[in-house]
Amino acid sequence: MAAPPDVELSAALSLELLPTDPLLLILSFLDYRDLVSCCYLNRRLNQLSSHDPLWKRHCKKYWLISEEEKARRNQGWRAIFISTYSDLGRYIHYYATLKKAWDDLEQYLGQWCPRMIGSLKESVREEDLDAVEAQIHCKLPDDYRCSFRIHNGQKLVVPGLMGSMALSNHYRSEDLLDIDTAAGGFQQRLGLKQCLPLTFCIHTGLSQYMALESVEGRNKYEIFYQCPDQMARNPSAIVMFITGTSYLEWFTSYVNKVVTGGYPIIRDQIFRYVHDKDCVATTEDITVSVSTSFLPELSSVHPPHYFFTYRIRIEMSKDALPENICQLESRYWRITNAKGDVEEVQGPGVVGEFPVISPGKVYEYTSCTTFTTTSGYMEGYYTFHCLSNKDRFFNVTIPRFHMVCPAFKVSTA
């Protein structure tokens, strides 16, 4: 049953007639769009919606404006929100996430890889991004544009911001491309139609690409490493090793892995080895742990050849007795692919060395393996002998560690 007219009028007027303090409290829960809408309802709500402290939460939530930044700008919260929105409003759903990722990354690099800070380039203007879109005749996703409004990638230097990898005589280090260099590498050739490079390695020519349109079997904004089909007669047959579904997901997940210590820092560089925390084994006073990485530039889908590198850390407890000093004699590996096929390898030393392990000492080395299946695992043991008692030999367990090729798409060519 419909309410009497006087009841409807009373309900309609009740919010506006509230005292100022509870009404301000209600307004403080509104999103910025609703707060702006209140300005157009009546004079009182217009005045209260302009109450400066109401905009503090929105400045911090969407633009990460601190009290120090506000003091530096010498503006009110509402004025800061409006001026920032006029410049970056189209990125309001991405900016805070990407700005925090960049801030966290810069702070981490400043502590662990300080020389990399100098390679970061300043932000670009909105018109610069518009010019690139006009040049390549393709729209850039807003999360990608937003990131370049914060930092325009990096200079083409070593080490690269997107990680390094070293194995015997193979080395690579990926740079995050600036917008002009990326636009210059925009692809329209078969196999890479409408693909924009995001990274580049000076040593290998390796790039990660982002598909700007859904063509040739790719999803729009998918990020991938290209892999030529070596068995196809058509040179445009490109298989994709997928590394991300959007720029935001790709970049922030990488930064999170870096700043949480998921990737080791070696010689002032980020190395993209992934360590499984459960992949650790301790025998007596010696602990062995393993990190792994997939190398797309040395892998192929056709023919199936998946190349992995692994880094092993051998450490003796600092509390071990001095007479426990020992030397690595040999290694034994049991290598199993996804089909269950097993290969056993045994030989002297590791990578041609016979390291001596003493209390508190760490020895690390890098090696590699390949599979004809997309996954596999390795396990085994090292044989050591005690230097104080050369007749005593013992085995140290190498924990089982798995290697899995990233998801990929087979070429449609």
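Note that the structure is predicted; figures quoted are calculated from it, not measured.

## Details of the nonpolar core
With 61 residues, the main nonpolar core has L140, Y144, L161, Y247 and F251 as its most contacted residues. For this core, the element with the most residues is helix α8 (residues 95-112), which contributes seven residues. If you count residues domain by domain, this core takes at least three from each of domain 1 (18-90) and domain 2 (96-260). If we ignore the near neighbours within four places in the chain, the residues touching Y144 are I179, A182, L196, L198, M210 and Y247. Listed in part, the 38 residues of the second largest apolar core include C227, I286, C326 and Y363.

## Topic: empty space enclosed by the protein
One pass over the full model with this rule turns up one cavity of 30 Å³ or more. Taken as a whole, the largest cavity encloses approximately 50 Å³ of empty space. Every residue lining the largest cavity is listed: T283, E284, D285, I286, M316, N324, C386, R392 and F394. Its residues placed into classes, the lining of the largest cavity shows four nonpolar, two polar and three charged.

## Considerations on the packing of α8 against helix α13 (residues 247-259)
For the pair α8 and α13, interaxial distance at closest approach is 10 Å and the crossing angle is 30°. As far as their axial angle goes, α13 and α8 are roughly parallel. Our pair here, α8 against α13, has a crossing hand that is left-handed. Taken together, the residues of α13 that come into contact with α8 (itself represented by T97, L98, A101, W102, D104, L105 and Y108) are Y247, L248, F251, T252, V255, V258 and V259.

Reading guide: rules and limits
Residue positions are given per chain, counting from 1 as you read along its sequence in written order. Local features in a predicted model are, by the rule used here, given only for residues with pLDDT of at least 70; side-chain atom pairs are given and counted only at 80 or more, and totals for whole chains, interfaces and linings are based on all residues. By convention in this description, side-chain values take in all heavy atoms of the structure and omit both hydrogens and water. Residue types Ala, Val, Leu, Ile, Met, Phe, Trp, Tyr and Cys, when buried and joined through side-chain atoms within 4.5 Å, form a set referred to as a nonpolar core. Working definition: with a 1.4 Å probe on protein chains only, accessible area under 20% of the residue-type maximum means buried, over 50% means exposed, and in between means partly exposed. Elements are defined by DSSP. Helices are runs of H or I of four residues or more, strands are runs of E of two residues or more, and each kind is numbered from the N terminus. By convention here, the domain bounds are inherited from an automatic or database domain assignment. Here, two residues are considered to be in contact whenever any of their heavy atoms come within 4.5 Å of each other. Two kinds of site are reported from a 1 Å grid over the protein atoms alone, namely cavities, where a 1.4 Å probe fits but cannot get out, and pockets, open sets with protein on both sides within 12 Å along at least five of seven lines, and residues are called lining when an atom falls within 4 Å of a point. Grid points are joined across faces, edges and corners, and a volume is the space filled by probe spheres set on the points. Basically, the charged four are Asp, Glu, Lys and Arg, the nonpolar ten are Ala, Val, Leu, Ile, Met, Phe, Trp, Tyr, Cys and Pro, and anything else, Gly included, counts as polar. Interaxial angles span 0 to 180 degrees and are taken between N-to-C directions of axes, which are lines fitted to C-alpha atoms, for helices over the stretch in contact. For classification purposes, an angle smaller than 35 degrees is called roughly parallel, one larger than 145 roughly antiparallel, one from 65 to 115 roughly perpendicular, and anything else oblique. In this scheme the crossing of two helices becomes right-handed for a clockwise turn of the near helix relative to the far one and left-handed for an anticlockwise turn of less than a right angle.

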